[in-house]
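# Working through the structure, step by step
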Amino acid sequence: MLENRVLSWDDEIADLEDEYKLLPEGEYFFKVINFERAMYPGGAKVPTCPKAIVTIAIYDGLKIATRVHQEFLLCETVAWKISQFFRSIEEKKSGEKIQMKWNIVNGSFGKCHLTTKSYINKFGENKTINTIDKFLPYEAETINKFKGDLNEKEAEDILMDDSQLPF
């Protein structure tokens, strides 16, 4: 994954592969890597309301394969999706009411069902992207094992990184 560093006017750039990878439909582990607050301007079915934009890293095995931007409209007609999300990251239990604590979602792990969606972009090109169609309930044993495996892999990656050696 590329670091999003600011370029100066005189920096050199190179062609870099697009880091987006289209994954097949299925269940995947995820980690929340960013959260932003915004406003939804309103539409035919949903009034003007706040929205949460959550950037989610989707793992293929123990490697981040793609990112998905998930928008949550803070409106009662779509509160079920927010409830699913908070259950998935172990911040809500089935049937209970909670106060949405968006400030704690960064770094949370969960599991989701990913699907694909095709569309035509503004240039008339056919595109296919991954979307999350369902957040799955938190399974402590499964997710803790995944996090443990991930921590172990990240530790191995750090040990194997020759760029940090003094010679």
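Residues numbered from 1 in each chain as written. Predicted model: local features only at pLDDT ≥ 70, side-chain atom pairs only at ≥ 80, totals over all residues. Heavy atoms only, no water.

Turning to unusual backbone geometry, a few remarks are in order. With the exception of glycine, the majority of residues adopt a negative phi angle, and the majority of peptide bonds are in the trans configuration. Backbone geometry places glutamate 90, a non-glycine residue, at a positive phi of 65 degrees. Its location among the elements puts glutamate 90 in the loop between helix H1 (79–88) and strand E4 (109–120). We classify glutamate 90 as partly exposed; its relative accessible area is 43%. (Helix = DSSP H or I, 4+ residues; strand = E, 2+ residues; numbered from the N terminus. Buried < 20%, exposed > 50% of the residue type's maximum accessible area, 1.4 Å probe, protein only.)

What follows covers the sheet that holds strand E1 (residues 26–40). Spatial strand order, E3-E2-E1-E4-E5: five strands in an open sheet with antiparallel pairing. The sheet is open, and its two edges are formed by strand E3 (63–73) and strand E5 (126–136), each paired on a single side. Strand-to-strand twist of the sheet, defined as the mean angle between neighbouring strand axes without regard to direction, takes the value 35 degrees. As defined by bridge partners, E1 adjoins E4 across six bridges and the pair is classed as antiparallel. In the sheet register, glutamate 27 faces E4, and the bridge partner there is histidine 113. Docked against the sheet, H1 engages E1, strand E2 (49–60), E3, E4 and E5, running at close to 70 degrees with respect to E5. (Pairing = 2+ DSSP bridges. Axes fitted to C-alpha atoms, helices over the stretch in contact; angles between N-to-C directions. Contact = heavy atoms within 4.5 Å.)

With respect to the helices and strands, glutamine 70 occurs in strand E3. With relative accessibility at 10%, the residue glutamine 70 sits in the buried group. Look past the residues within four positions of glutamine 70 in its chain and what remains in contact with it is Ala52, Ile53, Val54, Ile56, Lys81, Ile132 and Phe135.

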